[in-house]
Amino acid sequence: MNALAIIAPIFGIVLIGWAAALAGLLSDKVSDGLSEYVFAVAVPALIIATLTKPGMSGTVAWSYWVAYFGGAGISWFVGTLIARRRAGIDRRGAILHGFAASQSNTVFVGVPMILQAYGEEGAFPLFMLLAVHLPLMMGSATFLIESDSGLPVLARIRGLVLVLLRNPIFVALLIGMAMKGFGLAPAGIVRSLIDAFAGTASTCALVALGAGLKRYRVLFDLKGALVIALLKNLLHPLAVWILAFHVFAMPPAYAGVATLFAAMPVGINAYLLAARYKTETGMVAASVLVSTLLAPLTTLAWLMLLGRA
């Protein structure tokens, strides 16, 4: 019942957003505007508010990173291997299949879900993982896809750095960690404003995700989308769970956060990357929808396994 109490508000709001969009109560313009607000204002405010909160501290051992990204690498490799064996999928498409199978929906589902499940105990490892997840996963995918583009390595690095510096979430992580390092914390009216925006992050993110699902077409390739969804929702967290709990030693909350982070459905960045390179767009979009629809069941199972039930 505790696990149900955690996932019901999360995916219930997603479902309400989806139903509202299907019924025409939320237009595509509203969905886009809400997504931009979450990405540019609400979640950055939540990150700064959390990282600068008194008592927010911790250390992250190398085993934490190896456990999460080792699991991501396994799921990415298997997804790419399966795609390469399917007819009509080129090298770039296979890379995107693997990327989708290992790219978690961190902003819209991961942050509210993990904070709901682990609270203050999980906040520090969550945001530390979020800080590394974005540049490492997107950087790896971009380098692999553009490895045959003929661009010099320095040019590719410079392009990636510029993309990250224009990303509000990445900038908020840098600001939050810098303020934490210098012992600075917003107070008074500034703190009230940040907390007000931060308080809207979870609900707005989940509504935006639900409304955005209307655009994705599950029947584009149901079999392929289901394969990616199962790799993302089951194989990725399984690999992380084995590494975090049975190979390396780390605090239980850290291991649980890494596993639950991996258990999140396919992230929107996979679709954005597919649209940017104009390959496997329909397949990746369908995998986002299928994995999100499966997530209530798979997340419930992972929460029970992790002892959050």
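Right, let's walk through the structure included here. Because the structure is predicted, anything quoted here is derived from the model rather than measured.

1. A few points about the nonpolar core
Consideration 1: Membership of the largest hydrophobic core comes to 93 residues, with the highest contact counts inside it found for I47, Y68 and L260.
Consideration 2: Of the residues forming this core, the biggest block, 20 residues, is contributed by helix α5 (residues 106-145).
Consideration 3: Apart from residues no more than four positions distant in its own chain, Y68 is found in contact with S102, S104, L129, H133, H236, V240, A258, F261 and A262.

2. Comments concerning the packing of helix α2 (residues 28-51) against helix α7 (residues 168-181)
Consideration 1: It is at 9 Å that the axes of α2 and α7 come closest, and there the two elements cross at 20 degrees. In terms of their interaxial angle, α2 and α7 are classed as roughly parallel. Helix-helix and strand crossings are classified by hand; for α2 and α7 the assignment is right-handed. Across from F39, A40, V43, P44, I47, I48 and L51 in α2, the residues of α7 making contact are P168, I169, A172, L173, I175, G176, M177, M179 and K180.
Consideration 2: For the contact of α2 with α7, the residue count by class is 14 nonpolar, one polar and one charged.

3. Overview of helix α12 (residues 268-277)
Consideration 1: Among the residues making up α12, those that are buried are N269, A270, L273, A274 and Y277. Angular distribution of buried residues about the axis of α12 spans 140 degrees; they occupy a single face of the element.
Consideration 2: Buried positions along α12 lie against α4 (91-100), α5 and α13 (281-305).
Consideration 3: Once α12 finishes, K278 follows within two positions and takes phi at roughly 55 degrees, a positive value.

About the cut-offs
Residues numbered from 1 in each chain as written. Predicted model: local features only at pLDDT ≥ 70, side-chain atom pairs only at ≥ 80, totals over all residues. Heavy atoms only, no water. Core = buried A, V, L, I, M, F, W, Y, C linked by side-chain atoms within 4.5 Å. Buried < 20%, exposed > 50% of the residue type's maximum accessible area, 1.4 Å probe, protein only. Helix = DSSP H or I, 4+ residues; strand = E, 2+ residues; numbered from the N terminus. Contact = heavy atoms within 4.5 Å. Axes fitted to C-alpha atoms, helices over the stretch in contact; angles between N-to-C directions. Parallel < 35°, antiparallel > 145°, perpendicular 65-115°, else oblique. Left-handed = near helix turned anticlockwise from the far one by under 90°. Nonpolar A, V, L, I, M, F, W, Y, C, P; charged D, E, K, R; others polar. Arc of directions from axis to C-beta.

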